[in-house]
Amino acid sequence: MAKGALRQLLPSRSGKLTTGLVIVIGITLFAIIAPFFTQNPRSSQNPAMLPPGADHLLGTTSLGYDVFAQLAEGARSSLLVGVTAGAIAIVLSIIFGIVAGYVGGWTDAGLRLVTNIMLVIPAIPLQIVVASYLQKRSLVLVAVILGVLGWAGGAVVLRSMALSLRTRDYVSAAKVAGEKTWRIILVEIMPNLLPLLAAQFLFAVILAILNEAGLSYLGLGPNNSITWGTILNDAQGGSALTRGAWWWFVPPGVLIALFGCGMSLINFAIDEIINPKLRSAPQAAKRVRKAGGDVVVNAEQEPEKVNA
Amino acid sequence: MTFFLRRIAFYAVTLWAAVSLNFLIPRLLPGDPVSIMLARLQRNGTISPAMERSVRVLLGSSGDTSMFQDYLDYWGRLFRGDLGVSVTRFPTPVADLIGGALPWTVGLIGVSTVIAFVIGIGLGAWAGWKRGTWVDAIIPSTTLLQSLPYFWLALLFVFLFAVSWGIFPIIGGYDVFNFNGPELSWAFVGSVIRHATLPGLTIVVSSVGGWLLGMRNMMVATLSEDYVTTAEAKGLRPRRVFMTYATRNAVIPSLTGFGVSLGFVVSGSLIMERVFSYPGLGKLMIDAVGNNDYSLMQGTFLIITLAVLAALFIMDLVQGLIDPRTRHHG
C-alpha cells in the first residue's frame, strides 16, 4: 500500500480523536502501572468505610479494602476481559460477515441466518444463563462467553461492506488471476475494511466491558477476580447506597463510562473516514452560511423572508 | 406479499432456534441441573413421577428416553404452557410467576423506549439540521451517555433521588405497605408511576444517546441529498424541508435499527431491575439464578426471548407498511 493511501486510512487529527486517545491510553496505563504502587487490593487490614482521604485516596469498603487499589486491579481484569472478548468477537464477525458476504450463495444464506438469530436473541439473558451453568469461571472463560455470544452486530455491518467490495474490478481481477478465495479475502478485501474492522473491534471491546460489568454485578463474573463489576456487586451487598458510601460505587462506573466514551470518540474519527459525508456535509453547511452571511442566517430564523 | 411471507418464515425459524437453544443449553453445558432440582424438590415433599418427568424433559434426561423423544415432549409442554415448577416458590408453576412479572417489564421497557425514541429522534433531527454550528461540538458527549452501564446509572439515581433527597421510593414496583397486590384504583396507578419513574429515567437517559446520534448522522447524510437541495432551491419553507423532505426519510434507518437497540435496552433493563428490586422478569431471572432454580431461569429466558421476537416481528411489519422499499428489496 502506498504511503499516501495509508495516510488516507488513518484518522485525521481532531479534537475528538485526541480526547479519545488521551482517555483510552490514560486508563490503560492506569491499569498497567497503578497496581504496582497501590496496597494489596485483597488486604482488609484498614478501618472500614473510611471516606476518601490522604491515606486512602478513594476511601475503604465495609470490609476494609482500599477502593483505589481495587479500582486499579479491577481496571486490569476488566480491560483484559474486554480486549480478549473483543478479539474473539471480531474474528467471528469476520467469519460470519466478510466470508458470508464474499462467498455468497448457500454459505451466505446459512451464515446470515445464524447471524440474524444471534442478533435478535438478547445477549445478556443468554450470557446469564450460560454463565450460571459454568460454576468455575476464570477471566478467560468469561471473555470467551462474552466474545462467542457478542459478535452478531459486527458481522451484519461487515457483511454489507464485503458485499459492496466483492464486485469491484480489482477483486474480479484477482479472481481471474486464479487467486484462492482465502487469499482474496485476506489480501484484497480485508485491507480495505481496515477502518471498519478497527471501529467494530473498539465497539466489541466496549460492549464486552459493559456486559462483563453487568454479569459481575449479578455475581456471574469471573470467580476470585476483582473487576469493576465485582466492586459494584460488593458495593450493593455492603449497602453502600444506604450508608452513603459514594466513593465505593461511583468510581468504577465513572471509569467504565469514560473508557467507553474514549473508545467511541476514536470511533467517531474512524467513522468520518468511512463515511466522508459526515465530515464534508457540516463543513459545507458552515461554508454556505459564511458565504451567505446575514441573509442566510436570517432566512433560517424567519421562514417568511425566503418566500418574499 | 412475498415480503411478509419471508419475514414470517424468518421469525418462525428464529423461534424454532430460540426454543431449541433453550432445550439444548442445560443438556450441553456442564453441571447437573436435574439432580439439583430433584434434590431441592424432595425437600418440599415427595416427588410425583409426573413432576420428575417434567424436570427431566425441561433440563436433561438421563437414560430411559431418547433425546429426540424428550424434544418432542418439550414442544408439547410448551404448547400447553407448561414450563415446570419453581423450587424457590414451590409449588407455583413457572408460567404463573412469569405471567405475574411480564406486565411490569413490558410496561416499563415499552413506555421508556417510546419516550427515549421520540426524544432522541427529535433532538437528533434538530442536531442534524443545525450541522456545522456549535451543536456539532456537543454531539460527541452523547457517547458518554451510551457508555453508562444501566445498572450503575440506576445505583446513582437511587443514591441521589431516593436515599439522599428522598424524592422517589428506593425499591419495588408499588407501595407494598398500602396495597396488598395490584388493584384497579387511581391511588395504585399513582404508586406504580412513582415507583417506575427512576427505572424509566434510567432507561431513557442511557438509550436516548444512541437514537440521537443515529438520527443526527442520517439527517446530515439526507440533507446533502440532491432532492433536499432542490426543495430548498424551489423556495420551500425551511419547516417543510425539515419535516417532509429530510426528517421523514432520515427516520427510516432508525426504525430498522430498532430491533438491535431493543436487544440492548432489554439486556440493560433486566440487570437494572435488581437495583430497584423491580418485580419484573429481570428480577425473577436473577433470583432464579441465585437460587439455582433452573426451571424458572430457563423459563424466564425463553419468555424474554419470545417477547423480544414478538416486538421485532411487529416492528418489521410496521416498517414494511411504512416504507415500500423494504417490501421490494428486503
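Please read these numbers as outputs of a predicted model, since none were measured by experiment.

Analysis parameters
Residues numbered from 1 in each chain as written. Chains lettered and ligands numbered in written order. Predicted model: local features only at pLDDT ≥ 70, side-chain atom pairs only at ≥ 80, totals over all residues. Heavy atoms only, no water. pLDDT = per-residue confidence, 0-100. Helix = DSSP H or I, 4+ residues; strand = E, 2+ residues; numbered from the N terminus. Domains from an automatic or database assignment. Patch = residues over 30% accessible without salt bridge, like charges linked within 9 Å, V, L, I, M, F, W, Y side chains within 5 Å. Areas by Shrake-Rupley, 256 points an atom, 1.4 Å probe, with all protein chains shown as cover. Salt bridge = Lys/Arg side-chain N within 4 Å of Asp/Glu carboxyl O. Buried < 20%, exposed > 50% of the residue type's maximum accessible area, 1.4 Å probe, protein only. Contact = heavy atoms within 4.5 Å. Buried area = accessible area lost by both parts, 1.4 Å probe. Polar contact = N/O pair within 3.5 Å; in protein donor to acceptor, adjacent residues only side chain to side chain. Axes fitted to C-alpha atoms, helices over the stretch in contact; angles between N-to-C directions. Parallel < 35°, antiparallel > 145°, perpendicular 65-115°, else oblique. Left-handed = near helix turned anticlockwise from the far one by under 90°. Nonpolar A, V, L, I, M, F, W, Y, C, P; charged D, E, K, R; others polar.

Asks: Whenever I open this one, the confidence of the model for chain B confuses me. Can you help?
Replies: Detail in the predicted coordinates should be disregarded across regions flagged by low pLDDT. Residues and elements named next belong to chain B. For chain B, mean pLDDT is 86; residues scoring 70 or higher make up 98% of the total. Considering each helix and strand of chain B separately, the mean pLDDT is smallest for helix H14 (residues 324-329), with a value of 70, and largest for helix H5 (residues 94-129), with 92. For this predicted complex, the interface score ipTM comes out at 0.87, alongside a pTM of 0.86.

Asks: Explain the domain arrangement of chain A to me, please; I cannot follow it from the model alone.
Replies: A common way to report how large an interface is uses the accessible area buried once the components associate. For chain A, the assigned domains are domain 1 (14-44 + 64-274) and domain 2 (281-308). Computed over C-alpha atoms, the centres of domain 1 of chain A and domain 2 of chain A are 43 Å apart.

Asks: What is the right way to look at a nonpolar patch on the surface in this model?
Replies: Residue and element names in this part refer to chain A. Taken together, the side chains of Leu21, Ile25, Leu29, Ile32, Ile33, Phe36 and Phe37 define a hydrophobic patch exposed on the protein surface, amounting to about 740 Å² of accessible area. Structurally, phenylalanine 36 is set in helix H2 (residues 15-37). On the basis of relative accessible area, phenylalanine 36 is assigned to the exposed category, the value being 63%.

Asks: Mind showing me how you'd approach the interface of chain B and chain A here?
Replies: Facing the 64 residues of chain B at the interface are 60 residues of chain A. Overall, the association of chain B and chain A removes approximately 5200 Å² of surface from exposure, summing both partners, and the carbon and sulfur fraction of that is 77%. The largest contributions to the chain B side of the interface with chain A come from Trp152, Phe159 and Arg274 of chain B, which together make up 11% of the buried area. Taken together, the links from chain B to chain A amount to 0 salt bridges. Put simply, chain B and chain A have 6 residue pairs in polar contact (both at pLDDT 80 or more) between them.

Asks: What should I look at first to understand the packing of helix H3 (residues 67-103) of chain A against helix H9 (residues 181-189) of chain A in this one?
Replies: Helix-helix packing: each pair is described by the crossing angle between the helix axes and the interaxial distance. Residue and element names in this part refer to chain A. Running from N to C, H3 and H9 point in directions that differ by 115°, and their axes come no closer than 11 Å. With respect to each other, H3 and H9 are oriented roughly perpendicular. Where H3 crosses over H9, the handedness of that crossing is right-handed. The residues of H9 that touch H3, namely those facing Ile98, Val99, Tyr102 and Val103, are Thr181, Ile184, Ile185 and Ile189. Along the lines of polarity and charge, the residues of the contact of H3 with H9 split into 7 nonpolar, 1 polar and no charged.

Asks: Would you explain unusual backbone geometry in this entry?
Replies: A negative phi holds for most residues other than glycine; trans holds for most peptide bonds. Residues other than glycine seldom take positive phi values, yet asparagine 224 of chain A does so here, at roughly 55°. In this fold, asparagine 224 of chain A is placed in the loop between helix H10 (194-217) and helix H11 (228-237).

Asks: I keep staring at the environment of leucine 146 of chain A and nothing clicks. Help me out?
Replies: Residues and elements named next belong to chain A. Along the chain, the position of leucine 146 falls in helix H6 (residues 139-148). With relative accessibility at 5%, the residue leucine 146 sits in the buried group. Discounting residues that sit within four places of it in the chain, leucine 146 has contacts with Val81, Ala85, Gln127, Ala208, Asn211, Glu212 and Leu215.

Asks: Teacher, can you tell me more about the packing of H10 of chain A against helix H11 (residues 238-276) of chain B here?
Replies: Where H10 of chain A contacts H11 of chain B, the axes come no closer than 10 Å and their chain directions differ by 30°. Viewed along their axes, H10 of chain A and H11 of chain B adopt a mutual orientation that is roughly parallel. Judged by the twist between their axes, the crossing of H10 of chain A over H11 of chain B is left-handed. Judged by residue contacts, Phe203, Leu207, Gly214 and Tyr217 of chain A of H10 of chain A engage Phe264, Ile271, Arg274 and Val275 of chain B from H11 of chain B. Per-class residue counts for the contact of H10 of chain A with H11 of chain B are 6 nonpolar, 1 polar and 1 charged.

Asks: Got a minute to help me understand the pattern of salt bridges in this structure?
Replies: Close approach of charged atoms lets side chains of opposite charge pair. Residues and elements named next belong to chain B. For the structure shown, the criterion picks out 11 salt bridges over all chains. Close ionic contact of arginine 77 with aspartate 73 constitutes a salt bridge, the shortest N to O distance being 3.4 Å. In this pair, arginine 77 and aspartate 73 are both assigned in helix H4 (residues 67-79), 4 residues apart and thus about one turn of the helix distant. Classification of arginine 77 as buried rests on a relative accessible area of 11%. When salt bridges that share partners are traced, they join Arg27, Arg53, Asp70, Asp73, Arg77 and Asp82 into one network.

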